[in-house]
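Descriptive structure summary
Spelled out from the first residue to the last, the chains are:
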Amino acid sequence: MTSTTSTSQVRTVCAYCGVGCGILLDVGMGPDGRRTVLKASGDKAHPANAGRLCTKGATTAEMLAAPGRLTTALVRGERGEEPGPAPMADAVARTAGRLRAIIDEHGPDALAFYVSGQMSLEAQYLANKLAKGFVGTNQIESNSRLCMASAGAGYKLSLGADGPPGSYEDFDRADVFLVIGSNMADCHPILFLRMMERVKAGAKLIVVDPRRTATAAKADLFLQIEPGTDLALLNGLLRLLVDNGQTDPGFIAEHTEGWEAMPGFLADYAPAAVAEITGLAEDDIREAARLIGGAGEWMSCWTMGLNQSTHGTWNTNALVNLHLATGAICRPGSGPFSLTGQPNAMGGREMGYMGPGLPGQRSVLVEAERTFVEELWELPPGTLRADGVGRGTVEMFQKMADGEIKACWIICTNPVASVANRRTVIEGLEAAEFVVTQDVFGETETNAYADVVLPGAMWTEGEGVFVNSERGLTLTRPVADPPGEAMADWRIIAAVACAMGYEKGFSYDSAEDVFEEIRRAWNPVTGWDLRGVTFERLRATPVQWPAAEVDGPARNPIRYVDQDGGLRFPTASGRAAFHARPHLPAAEMPDDDYPFLLNTGRVQHQWHTLTKTGKVAKLNKLNPGPFVEVHPRDARELGITDGDRVEVASRRGRAVLPAVVTERVRPGGAFAPFHWNDLFGEYLSVNAVTSDAVDPISFQPEFKVCAVSLTRVAAPLPEAPVRALTPTAVTPGPAGPFGL
Ligand SMILES: Nc1nc2c(c(=O)[nH]1)N[C@H]1C(S)=C(S)[C@@H](COP(=O)(O)OP(=O)(O)OC[C@H]3O[C@@H](n4cnc5c(=O)[nH]c(N)nc54)[C@H](O)[C@@H]3O)O[C@H]1N2
Ligand SMILES: Nc1nc2c(c(=O)[nH]1)N[C@H]1C(S)=C(S)[C@@H](COP(=O)(O)OP(=O)(O)OC[C@H]3O[C@@H](n4cnc5c(=O)[nH]c(N)nc54)[C@H](O)[C@@H]3O)O[C@H]1N2
Ligand code: SF4
Ligand SMILES: [Mo]
C-alpha cells in the first residue's frame, strides 16, 4: 500500500444502513505516522445520496478513530479463563484444527456458521462456499434472518425472485407514498429526505405504524395501527380499490395470476371489519384507499414493522397484491420497495447466506442449481446437499443449546445482544464445545463467550463490494492499513479454509479474484447479473445490477422489462402472483399476567448493539441512553413518571429501563430500543424479553410484538457494574428518542 504525506480524498461507501450512501474520506498522516481518516463527507457523484449524509455516516472518522480495535487474535485455554492475545497464525491453526476435529468426530452438521449483512460480498460468498461446498453443511445463517428474510421470501413468492423491482429514482416520481412498518426518518434518513422533497412538491405521504414516529410526524395521513394487524389493513385497502373500480384489469389479465381467488377472499375485509381489527377509523382507511387508487404513480416502503412478524412473508405478499392490482409496478415512480437494513444485506441474499441459498439467487433445493454451483466451485457432482437445511437463526441456536451443533463461527454480528429471546443464544454458546467469533472490536457481548476471537479489518481497510437497497454496487477502497494483525474478513475465512485442507477452493490473492468468481454465478432465470461489473469499472463508478455488459449503462432502474418493453416476471408463467393472505394475530397477545404489548426498534443516532456508534461522543450526546416509552394513561394507572425505572417482563425474561411517558405509543403499548446491552449495565437487554416465535415461511422472529408486564421498580436498583466501551461511557438515563 502506498503511503501519503499530504491529504488525499478517497471514495467509498457508508457502512451503516442499506441506503448505501457514497462517502468521501479525507485521508492524511496521523500522529503515529499511519494513514488515518480525518473527515467524512457526502459524495456528490453517488446516485444514492448526491452528497448528503446523516449523522452516522458523517461521524465515520470519529468512529474509525475510536479505541477498542482488535489488533491480535484472542484465545482462551479453558472456559472461564480470560482470553489472551495470540499470534494470528496460531489462532488460525487452532481454529482450523478444532473445527476439523469436531467435523471428523460428529459430522459436518455439528458446525454452524452465523454471518452478517455487514460483511463484504466476497466474505459472504466465501463463508457460504466453505460451509456448503467444502465442510458440507447447510448450517449457515445470517443476521438477515432477523431482518430481511420476510421481504425476500415474500418477493420470491409474489414476483418470482428476491430484490426490489424498482429504484431510488422512483422516489422522485411517485405521487403517493405508503410507508408501512418503517421509520425512515430515523433509520433511512437520506432516503427520507429524498421522499420529503417529493412530498413538499405535492406528493402525499401515508404512514402506518403503531408508534407516532418522526416519520409519522410528517405524514399527510397517519394510521396508528394496532400492532400486528397490517394484513387486515392491506386486504381492506385492496377491497376498497376493487369496490371503487380503481384496479387495473388490463394489467391483472396480462401480467398476473391468482386474481380469481381475490374478490371472494376480500369479502371478509369490509371497512368496518378492518377498522375493528386494526383500531383505525373507517374514514382513514377509506382515505388511504382513495389516495392510492387515485395516484398516477405510487410506491410503498417497508422495513421491520412488516418483516419482524410471524406473518411477515404474508405482509409482503399482501403489500405486493396492492401494486399488482393497480398495475403500479415496474414503471418509474411505482413499486413495492423493501428498504434493506444493513449496508450489504442485499449482497448477502444474492450470495445465499441464509438456509438453502447458493450464489446468484440459487438454492440447494433445486438440482440444476446445485449442479451449476458444483461446477463453479469445481466440486464432484453430488457434493452439495439438499438435506439438512435449517429453519433459521432461532432454530440454529436451539440446536446448539440441545447439543446437536457443537461448534460455531460467528462473523460480524453480535447475537448475544441481537437475537430474539437471547437466552437460547447464551445457552447455545455455553453448550457448544468450540465458539469462534470474528469482530473488529474486542469488547462485545458475544466475544465474551468465544474460545477464539479473530480480528477482522474494517471496510475502510481493504477492497470489497457492498450492494445497497436498490441493487447498487459500490467498491470500498483501502484508506488505512488494518491495525496489528487484523485482516479482511474474506482473508480470514480463506486462511482458515486453507488450514482445514481446502487450499484448492480458497487460494485467492485479492478480493478482486473472489469477485471475478462471483460474477460467473450470473442467473438468467432471476435476472441477477453482474457480468458487466468489474473492479476496474467500480473504481470509477457504482453500478446497479442487472448489468450484463461492461460498457452498458451504470443504472438499470427497472427490472423484469425486456428489450422490446415487454414485462416478464421470473416465474414459470412469466406472471406475478396474487396470494390471498388472511389476517392472523401476533403469536403472543396480552393477557392478565402480561397485559401490554412491547414493540422494539431503533433510534436515529445509534446503530444496533453500539459497538460502533456507542464510541462516538456526538452521537451519544444525541441519543444518550436506553428507555421504554409508556402511554400517559397507562403510566398514570401504574404510578410511573418520567425517569422512573420500569421492569419490562415477559414469559422469557426481564429488562429494567427508565420510563419516557409519551403519547407516541398507543395505550396498552410500549416501545424500547434494543441498542443498549450488557456492556452498558445489567438488565438493559431488551432481547432478554422479546419473543422468538417465527414466521413459518421466512423463519424471521417477531421482534415487534410480545406480551409484557410493566412494573415501577420502587427502590433504586443496586448500581449495576457498567463496563465502559469508551472513555466516555454511555450513561443509562431517560432520553427522548428524537435527540436532545
Ligand atoms: N439509526 C439507525 N438506523 C438504522 C439501523 C440502526 O440500528 N439505527 N439499523 C438498520 C437496520 S439493520 C434495519 S433492519 C433498519 C430498520 O428500520 P426500521 O424498520 O424503519 O426501524 P425499526 O425501528 O426497527 O422499526 C420500524 C417501525 O416498525 C414499527 N412497527 C412495530 N410494529 C409494527 C406493526 O405491527 N405494524 C407496523 N406497520 N409497524 C410496526 C415500529 O413502531 C417502528 O417505528 O434500520 C437500518 N437503519
Ligand atoms: N429487539 C430487537 N432486536 C433486533 C432488532 C429489532 O428491531 N428489535 N432488529 C434485528 C435486525 S433487523 C438486525 S439487522 C440485527 C443486527 O444485529 P447485529 O448484527 O448483532 O448487530 P451489530 O451491532 O451491527 O453487530 C455487528 C457486529 O460486527 C462487528 N463488526 C462491524 N464491522 C465489522 C467488520 O467489518 N468485520 C467484522 N468481522 N466485524 C464487524 C461489530 O463490532 C458488531 O459486534 O438485530 C436484530 N435484533
Ligand atoms: S442514510 Fe444510511 S448509508 Fe446514508 S449516511 Fe446515513 S447511515 Fe450512512
Ligand atoms: Mo436489520
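Residues numbered from 1 in each chain as written. Chains lettered and ligands numbered in written order. Predicted model: local features only at pLDDT ≥ 70, side-chain atom pairs only at ≥ 80, totals over all residues. Heavy atoms only, no water.

Of the regular secondary structure elements, the protein chain holds 25 helices and 28 strands. In terms of C-alpha radius of gyration, the protein chain reaches 25 Å, essentially the compact-globule figure of 27 Å for 740 residues. In terms of principal-axis extent, the alpha carbons of the protein chain reach across some 70 × 70 × 55 Å. In the protein chain, which comprises 740 residues, the proportion classed as buried is 64%. Intrachain contacts of the protein chain at a sequence separation of at least 6 include 73% that bridge at least 24 residues. Accessible surface computed for the protein chain: about 25100 Å², of which carbon and sulfur atoms make up 52%. Across the protein chain, 68 positive and 88 negative side-chain charges occur, with their mean positions spaced 4 Å apart. (Helix = DSSP H or I, 4+ residues; strand = E, 2+ residues; numbered from the N terminus. Rg over C-alpha atoms; globule rule 2.2 N^0.38 Å. Buried < 20%, exposed > 50% of the residue type's maximum accessible area, 1.4 Å probe, protein only. Contact = heavy atoms within 4.5 Å. Areas by Shrake-Rupley, 256 points an atom, 1.4 Å probe, with all protein chains shown as cover. Lys, Arg positive; Asp, Glu negative; His and termini not counted. Charge placed at Lys NZ, Arg CZ, Asp CG, Glu CD.)

Looking now at the packing of helix α4 (residues 121-135) against helix α20 (residues 489-499). Interhelical geometry of α4 versus α20 gives an angle of 20 degrees and a closest axis separation of 8 Å. One element, α4, and the other, α20, form an angle in the roughly parallel class. The interaxial crossing formed by α4 with α20 has left-handed handedness. Side by side, α4 and α20 meet where E122, A123, L126, A127 and L130 of the first sit next to D489, W490, I493, A494 and A497 of the second. Residue composition of the contact of α4 with α20, grouped by class: eight nonpolar, no polar and two charged. (Axes fitted to C-alpha atoms, helices over the stretch in contact; angles between N-to-C directions. Parallel < 35°, antiparallel > 145°, perpendicular 65-115°, else oblique. Left-handed = near helix turned anticlockwise from the far one by under 90°. Nonpolar A, V, L, I, M, F, W, Y, C, P; charged D, E, K, R; others polar.)

Taken together, 29 residues sit near ligand 2, with Q118, S418, D439, D489 and T609 positioned nearest. Within the side chain of Q308, one N or O atom sits 3.1 Å away from a nitrogen atom of ligand 2. One of the side-chain nitrogen or oxygen atoms of R602 is found 3.1 Å away from a nitrogen atom of ligand 2. Considering ligand 2 on its own, with 920 Å² of exposed area, one finds that the protein chains cover 98% of that surface. Looking at the shell around ligand 2 residue by residue, the classes come out as ten nonpolar, 15 polar and four charged. Mapping the shell around ligand 2 onto the domain boundaries places at least three of its residues in each of domain 2 (73-147 + 343-460 + 485-525) and domain 4 (596-712). (Near = heavy atom within 4 Å. Polar contact = N/O pair within 3.5 Å; in protein donor to acceptor, adjacent residues only side chain to side chain. Domains from an automatic or database assignment.)

The next point concerns the pattern of salt bridges. Scanning the model with the defined rule gives 39 salt bridges in all. For K399, the salt bridge is made with E395, and the minimal N-O distance between the two is 3.6 Å. Separated by four residues within a single helix, K399 and E395 lie in helix α17 (residues 392-401), roughly one turn from each other. Each of E463, R477, E512 and R539 takes part in one network of salt bridges that share partners. (Salt bridge = Lys/Arg side-chain N within 4 Å of Asp/Glu carboxyl O.)

Neighbouring residues of ligand 1: 33 residues in total, closest N183, D209, G228, R602 and Q606. N183 places a main-chain nitrogen or oxygen 2.7 Å from an oxygen atom of ligand 1. Protein chains bury 99% of the 900 Å² of accessible surface belonging to ligand 1 in isolation. Elements with a minimum of two residues in the shell around ligand 1: α6 (184-187), α13 (304-307) and β23 (596-601). For the shell around ligand 1, a count of residues per class yields ten nonpolar, 16 polar and seven charged. Residues lining the shell around ligand 1 come from more than one domain, with at least three contributed by each of domain 3 (149-339) and domain 4 (596-712).

Read across the open sheet, the seven strands follow the order β5-β4-β18-β17-β16-β6-β7; overall the sheet is mixed. At either margin of the open sheet sits one strand with a lone partner, and together these are β5 (84-86) and β7 (140-142). On average, adjacent strands in this sheet sit at an angle of 20 degrees to one another, irrespective of strand direction. (Pairing = 2+ DSSP bridges.)

A separate point is the pairing of strand β19 (residues 464-467). Every regular strand shows the same layout, with side chains that alternate between the two sheet faces. Because side chains alternate across β19, one face comprises the buried residues G464 and F466, and the other comprises V465 and V467, equally buried. As paired elements, β19 and strand β20 (residues 472-476) share four bridges and run antiparallel to each other. In the strand pairing of β20, F466 is matched with T474.

So, about the packing of α4 against helix α22 (residues 511-519). For the pair α4 and α22, interaxial distance at closest approach is 9 Å and the crossing angle is 65 degrees. Between α4 and α22, the interaxial angle falls into the category roughly perpendicular. Considering only the axes of α4 and α22, their crossing is left-handed. Taken together, the residues of α22 that come into contact with α4 (itself represented by L121, E122, Y125, L126 and K129) are A511, V514, F515, E517 and I518. Taken together, the residues of the contact of α4 with α22 break down into seven nonpolar, no polar and three charged.

With that settled, consider the environment of Y683. Its place among the elements puts Y683 in the loop between β27 (669-673) and β28 (706-712). Put simply, Y683 and W522 are 161 residues apart on the chain and 47 Å apart in space, counted from C-alpha to C-alpha.

To continue, consider α17. Burial analysis of α17 places seven of its ten residues in the buried class, the great majority of the element. Of all the positions in α17, only G392, T393, V394, M396, F397, K399 and M400 are classed as buried. Among the structural elements, β6 (111-115), β7, β16 (407-411), α18 (415-418) and α19 (423-431) are those in contact with the buried residues of α17. A positive phi of about 90 degrees marks G403, the residue just after α17.

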